[in-house]
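# Inside the fold
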Amino acid sequence: MANNKIVKQTFPVLEMSCAACAARVDKTLNKQPGVLSATVNYAAATATVEYDASLCSPEALKTAIQKAGYDLIVDIQPQEPEEAEHTHTEKLHHQKVRTIWAILLSLPIALIGMFFMDIPYANYIMWILSTPVVFWLGRDFYINAWKQLKHRSANMDTLVANSTGIAYLFSLFNLFYPEFWLERGVQPHVYFEAASVIIAFILLGRLLEARAKDNTSAAIKKLIGLQPKTVTLLTPDGKQQEVSIEQIHVHDTLLVKPGEKIAVDGMVCEGNSYVDESMLSGEPVPVYKEKGSHVFAGTINQKGSFQFKAEKVGSDTMLAHIIHMVQEAQGSKAPVQKLVDKIAGIFVPVILSIALLSFVLWLILAPENGFTHGLLAAVTVLIIACPCALGLATPTAIMVGIGKGAEQGILIKDAESLETAKRIDTIVLDKTGTITEGQPTVNHMVWWNNSEEIRNIFYSLEKLSEHPLANAVTHHLKGEFLPLTQFESLTGQGVKASFNNQYYLAGNEQLLKTQGIRISSEQKETAATFAHDAQTVIWFADEKQVLGIAAISDRIKETSREAISLLQQQGIDVVMLTGDNPSTAQAIARQAGINHYQAEVLPQQKAAYIKSLQQKGKCVAMVGDGINDSAALAQADLSIAMGKGSDIAMDVAKITLISSDLTKIPEAIRLSALTVRTIRQNLFWAFIYNLIGVPVAAGILFPINGFLLNPMLAGAAMAMSSVSVVTNSLRLRNKPLRKEKVRTK
């Protein structure tokens, strides 16, 4: 009974500004009575909590999070994902506007501060321009810093608020009371430009970060969009009634018209049709449905109409399960940006302590001018230690990497997978649309009677057929349509029609057997050869004999074997997973040079297979193109989607290959490795100035040579760290993706 009380829910979290905030929310949730586990995803701004409903409730979790300075949304309505997406878009727009204004106002302040200090009222102009930048555009830094202070914590906002706030207030004091310093023989300076430029830089960095991790909910939104909002319900008296999806219950009878999406899982009770189930199986050939066949939510009906009884609705459908798997797999990932905030968690209190310590030591060790020098030293430490370069380290590298990747046909969505890219040792490939082209085509056409009229009869038969493989035949033959009569579709076998008082057949071998048509040993051997190569055979015959056969398959892309061979040379294990039958899978694997494969794999099994590899210590990359791959893509350490595949696969994946060329995978891994290396170099440059500059700013050189760093120079050093970071990121543009090895042992 206790197990029935275990609940797992995902809640949106508000007010998180950095990964340190996510860590605090995570810690708070895991400390609550009854909570078995809690995982906070900063990128998606959600918390997934597994708890005992008899000991805990969403309201209790909300209260605990509010006490920690954040908020939890527990009343989740059906329309909320759309509202949340709209809210996120608005927030990003406001962030962009604030950043632009901060840059526009800071630019004249910086120019005056560096080149035009002697113009009349220069200090007052800078004061007037900097005030809205610091207290209006940068207000969130102070609000968040205050919240952290109330909870006895500190983050990046704390350091930004302290450095800019003190620089602003110190400048304001010097502007109105310059005589205080003049009487002590010190020239008063103002640092409004430092405060303003710091705010502008940090806002720009956060905007770039927000863009880099944007659209995290797009994949879920599109998966939900696969389910229609309304459906045709058949009432007990046989009338049709259009109702919303929420009104459907188990055992209701629903009508599906041609071209409509199937709303819920169920079983066909009347009629027949072909249904496109590529969103589940990934295979391009629609599946024939008749009485007793199962249908699934999100799949698309083709030409026929049928009725079915609802068996699973709401969260019980297979589509809902796929959505849930994607959400869980996405929520289990941590963004690369977390590294910066982890460092900042230690960095911030250390810098604040150094600033305070330097002020105190100056008071003690230099009684005469200790206050003056101590205050200058404290302000200088806070200014030089301002983490604007930290805010730019990740997004600038990502932007340059994304730009370079786009030039090479590789789209990188964000930085989440970059750290793992160079550790990839196993790549899992979907078959259809990834290794193969994803379109059934006629590879071979063998004739035992090849007159033009016979070809046109075959063309006309398949033109009238609703079977999806018929399109491949008609596209190949491109014949002239003839007026056939007595056309008949034979379920599960093929089609039959008359021309000039003679019947002609097109379909599988079973159709010929039922019609009593003899197949010669030569014809059987020919068909068997094609079947061995994973090709589907369509037989064409008249009333007495076989006239020809068409061998249809989904061809392997020209570059697939080359790409797989290259990956194997780099020491990467390549595995193929497919929903296709074993004979087809074996043939494709043999042609592509793949040693490991699994056939008849369902979507949830793909994700489970990847998880099993991860549990063995493997670092797994998944490459796919269908909706059926979305859960596996989300589960993988590195997810790669083919650009010609489904939008959902592309949204879930962190890397998309525009050309669907598998040879781009080694380039993508190389680019990812270069980008994450650049990020780490940027973090080094961002901190090296602090490691050198902070002790100097505190006055460590003063006893040796009398040197005390001016806050203006500290601001310049801070700016230099940002320039170094951006310049290093731009170097990515000239890095080759193919000249060097992708990986080294």
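The numbers attached to residues start from 1 for each chain and follow its sequence in the written order. pLDDT decides what is reported in this predicted model: residues at 70 or higher carry local features, side-chain atom pairs at 80 or more are listed and counted, and totals for whole chains, interfaces and linings draw on all residues regardless. Working from all heavy atoms in the structure, the side-chain values ignore hydrogens and water.

Looking now at the sheet that holds strand E17 (residues 485-490). Judged by pairing direction, the sheet is antiparallel, and its six strands sit side by side in the order E16-E21-E20-E19-E18-E17 without closing on themselves. Two strands bound the open sheet, and with one partner strand each, they are strand E16 (436-447) and E17. Taken over all neighbouring pairs, the strand axes of this sheet differ in orientation by 15° on average, direction set aside. Bridge count for strand E19 (residues 502-507) against strand E20 (residues 536-542) is four bridges, and the pairing is antiparallel. Paired with Gly 507 across the two strands is Trp 539, which belongs to E20. Strands pair, by our definition, only if DSSP identifies at least two bridges between them. Only DSSP runs of H or I covering at least 4 residues are called helices, and only runs of E covering at least 2 are called strands; the numbering of each starts at the N terminus. Each axis is a line fitted through C-alpha atoms, taken for helices only over the stretch in contact, and angles between the N-to-C directions span 0 to 180 degrees.

One finds Ile 427, Leu 429, Ile 435, Ile 594 and Ile 665 to be the most contacted residues of the largest nonpolar core, which totals 30 residues. Among the secondary structure elements, those contributing two or more residues to this core are strand E15 (426-430), helix H21 (560-569), strand E22 (573-577), helix H22 (582-592), strand E24 (620-624), strand E25 (638-642), strand E26 (655-657) and helix H26 (664-698). Top element by residues in this core is H22. It accounts for four residues. By definition in these notes, contact holds between two residues if any of their heavy atoms fall within 4.5 Å. If we skip the residues at most four places from it in the chain, Ile 435 touches Leu 429, Asp 430, Ile 556, Lys 557, Ser 560, Met 576, Ile 588, Ala 592, Ile 594 and Leu 662. In these notes, a set of buried Ala, Val, Leu, Ile, Met, Phe, Trp, Tyr and Cys residues joined through side-chain atoms within 4.5 Å is what counts as a nonpolar core. Whether a residue is buried, partly exposed or exposed follows from its accessible area with a 1.4 Å probe, protein chains only, as a fraction of its type maximum: under 20%, in between, or over 50%, in that order. Ala 497, Ile 538, Ala 550 and Ile 552 belong to the second-largest nonpolar core, a separate cluster that totals 24 residues.

The terminal C-alpha atoms of helix H17 (residues 452-464), which comprises 13 residues, lie 19 Å apart, in line with the 18 Å expected from a rise of 1.5 Å per residue. Turning to H17, its buried residues number three or more, namely Ile 454, Asn 456, Ile 457, Phe 458, Tyr 459, Ser 460, Leu 461 and Glu 462. A helix's residues, less one, multiplied by 1.5 Å, set its expected span.

To continue, consider the environment of Gly 433. When you line up the elements, Gly 433 lands in helix H16 (residues 431-435). On the accessibility criterion, Gly 433 (8% relative accessible area) is buried. Each C-alpha atom, one on Gly 433 and one on Asp 554, is 8.8 Å from the other, the two residues being 121 residues apart in sequence. Once residues within four sequence positions are removed from consideration, Gly 433 is found in contact with Gly 438, Asp 554, Lys 557, Asp 625 and Met 642.

Its place among the elements puts Ile 73 in the loop between strand E4 (71-72) and helix H3 (80-115). As a C-alpha pair, Ile 73 and Thr 10 span 63 residues in sequence and 9.6 Å in three-dimensional space.

Attention shifts here to the packing of aromatic side chains. Only rings of Phe, Tyr and Trp enter the pairing, Trp through its six-membered ring, and a pair is recorded when the two centres are within 6.5 Å. The plane angle decides the type: under 30 degrees is stacked, over 60 is edge-to-face, the rest tilted. Using the criterion set out here, one finds 16 aromatic pairs in the structure. Ring centres of Trp 362 and Phe 702 lie 5.0 Å apart, and the angle between their planes is 70°; on these two criteria the pair is classed as edge-to-face. Of the two residues, Trp 362 sits in helix H12 (residues 338-365) while Phe 702 sits in helix H27 (residues 702-705), which places them 340 residues apart along the sequence. Look at Trp 362 and you get buried, because its relative accessible area is 8%. Ring pairing ties together the aromatic residues Tyr 121, Tyr 124, Trp 127 and Phe 176, which thus form one cluster. When the ring centre of Tyr 503 is taken as origin, the NZ or CZ atom of Lys 496, which lies over that ring, is 4.5 Å away. Distance and angle both matter: a charge sits over a ring if NZ of Lys or CZ of Arg is within 6 Å of the ring centre and within 35 degrees of the ring normal.

Fair warning: the whole summary comes from geometry, so function is off the table for now.
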